[in-house]
Every structure is written in structure tokens, then in C-alpha cells.
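Coordinate analysis (summary)
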Amino acid sequence: MAEFISFLRQYIFFTAAASILNLLLIWALATPIKARFKANIIDAKGGRGQSNTYKTYLDLVKRSIREYDKKDKKLGYYNSVKKKLKMSGYRGEYAAAIYIVARYPAMLILSILTLLSTYPNIKYTVFVVLYTQLLFEIIIRRK
């Protein structure tokens, strides 16, 4: 057991990556099973007690994006991203929101993981942040 714990401490980046992959795998396997059992329970209840929390939140996000679009601000980060994505060929209604939500949390998570794995050396963290930003720009400009 002591060897296992020392291995985990020595290779913390591997441990974090393996844990994240395991959580994703468990989620991917549990979702169909949970949906199957939930469908049976909902059918047995006859529709009583259904939760539509996800739909409520999704409607709230859609409504807030539509209201923000209606304001027609001449300047603003959201509109500039929307314009850039339209020029690149991404014409989805929520393309700008998805881009912003994907870009910055990805940068934050990767930089935190890199900082934790190589703490005294910050240059790798800076490199990961710059690489993440560059990768997003290349993907947008490539299309």
C-alpha cells in the first residue's frame, strides 16, 4: 500500500488525468443505465413528479442570450466574438456562447492542472495557457 501511495504522490499529473478519465467513463456508463431505470419509474408514476430542471435552466440561458442579442450593442466582447465566428463560418445561434464557455474554462482547468503538477516551475503553466489560446484561434481561423 505504501508503494501505491508513493506512486500517486510521485506522478500526480498521471493520477489526476486517470481520475478524470475514470469519472468520465463512469458517467458515460451510468447515464444509459440511470435513464433506463428512470424511464420505468416515470412510466410507473404516470408522469407525476417529473423534474424538468434541465429544461428550465436551458430555457433561461436561451432567453438571456436572446435578450442580450436584442440590445444590439455596437461594442462588446460577445458581439465581437459572434461577428468573428460568423466570418469563420460558424453560424449557429449559440456559437458565440459555446465558444466563450469552452475557451476560458478549458484554459483555467488546464493551467491549474499544469500548475499543480509542476508547481515550482511556472513557465509550463504559461506555455499551456498560451497554447490553449493559440489552439482556439487556429481552429476558428482554419475554418
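Residues numbered from 1 in each chain as written. Predicted model: local features only at pLDDT ≥ 70, side-chain atom pairs only at ≥ 80, totals over all residues. Heavy atoms only, no water.

Digging into helix 5 (residues 95–117)
Side chains that are three or four residues apart share a direction in an α-helix, a result of its 3.6 residues per turn. How we decide: Numbering goes from the N terminus for both helices and strands, where a helix is a DSSP run of H or I of at least four residues and a strand is a run of E of at least two. One less than the number of residues in a helix, times 1.5 Å, gives the span that helix is expected to have. The classification of residues rests on relative accessible area computed with a 1.4 Å probe and restricted to protein chains. Under 20% of the type maximum is buried, over 50% is exposed, and intermediate values are partly exposed.
Between its first and last C-alpha atoms helix 5 spans 33 Å; for 23 residues at 1.5 Å apiece the expected length is 33 Å, and the two agree. Residues of helix 5 that are buried include every one of Ala 95, Ala 96, Ala 97, Tyr 99, Arg 103, Ser 111 and Thr 114, and no others.

Observations concerning the pattern of salt bridges
In plain terms, the rule: Salt bridge criterion: a side-chain nitrogen from Lys or Arg within 4 Å of a carboxyl oxygen from Asp or Glu.
Tallied over the full model, the rule gives 3 salt bridges. For Glu 137, the salt bridge is made with Lys 84, and the minimal N-O distance between the two is 2.9 Å. Here Glu 137, found in helix 6 (residues 123–142), pairs with Lys 84, found in helix 4 (residues 77–88); they are 53 residues apart in sequence, far enough to count as distant. Look at Glu 137 and you get buried, because its relative accessible area is 16%. With relative accessibility at 26%, the residue Lys 84 sits in the partly exposed group. A salt bridge links Arg 141 to Glu 137, with the nearest nitrogen and oxygen atoms 3.4 Å apart. Separated by 4 residues within a single helix, Arg 141 and Glu 137 lie in helix 6, roughly one turn from each other. In this structure, a network of salt bridges that share partners links the residues Lys 84, Arg 103, Glu 137 and Arg 141.

Topic: a nonpolar patch on the surface
What counts here: Within the patch definition used here, like charges are joined within 9 Å and nonpolar side chains (Val, Leu, Ile, Met, Phe, Trp, Tyr) within 5 Å, considering only residues with over 30% relative accessible area and no salt bridge. Accessible areas in this description were obtained via Shrake-Rupley with a 1.4 Å probe; residue shielding takes into account the shown protein chains only.
Taken together, the side chains of Leu 115, Tyr 119, Ile 122, Val 126 and Leu 130 present a nonpolar region at the surface, about 510 Å² in accessible area. Mapped onto the secondary structure, Tyr 119 falls in the loop between helix 5 and helix 6. Overall, the relative accessible area of 60% leaves Tyr 119 in the exposed class.

Remarks on the confidence of the model for the protein chain
The condition is simple: Note on scores: pLDDT gives the predictor's confidence for each residue, bounded by 0 and 100.
Scored by pLDDT, the protein chain comes out at a mean of 77, with 78% of its residues at no less than 70. Ranking the elements of the protein chain by mean pLDDT puts helix 3 (residues 53–70) last with 72 and helix 6 first with 85.

Remarks on the packing of aromatic side chains
Selection criterion: Centre distance within 6.5 Å is the pairing criterion for rings of Phe, Tyr and Trp, where only the six-membered ring of Trp is used; planes under 30 degrees apart are then read as stacked, over 60 as edge-to-face, and the remainder as tilted. Any Lys NZ or Arg CZ that is within 6 Å of a ring centre and within 35 degrees of that ring's normal is treated as a charge sitting over the ring.
All told, the structure shown has 4 aromatic pairs when counted by the stated rule. Ring geometry for Phe 7 and Tyr 11: centres 5.0 Å apart, planes at 50 degrees, overall tilted. Its relative accessible area of 35% is what places Phe 7 among the partly exposed residues. Judged by centre distance (6.0 Å) and plane angle (75 degrees), the rings of Phe 7 and Phe 14 are edge-to-face. The structure contains a cluster of three or more aromatic residues connected by ring pairs, namely Phe 7, Tyr 11 and Phe 14. Above the plane of the ring of Tyr 124 lies Lys 123, whose end atom (NZ or CZ) is 5.7 Å from the centre.

Structural notes on the nonpolar core
Nonpolar side chains in soluble globular proteins tend to end up buried together. Test applied: Remark: nonpolar core denotes a set of buried residues (Ala, Val, Leu, Ile, Met, Phe, Trp, Tyr, Cys) joined through side-chain atoms within 4.5 Å. In this analysis, two residues are considered to be in contact whenever any of their non-hydrogen atoms come within 4.5 Å of each other.
Of all hydrophobic cores here, the largest spans 11 residues; its members are Ile 65, Tyr 78, Val 81, Leu 85, Tyr 94, Ala 95, Ala 96, Ala 97, Tyr 99, Phe 136 and Ile 140. Contributing elements (two or more residues each) for this core: helix 4, helix 5 and helix 6. If one sorts the elements of this core by residue count, helix 5 sits on top with 4 residues. Not counting the four nearest positions on each side in its chain, Val 81 is found in contact with Ala 96, Tyr 99 and Ile 100.

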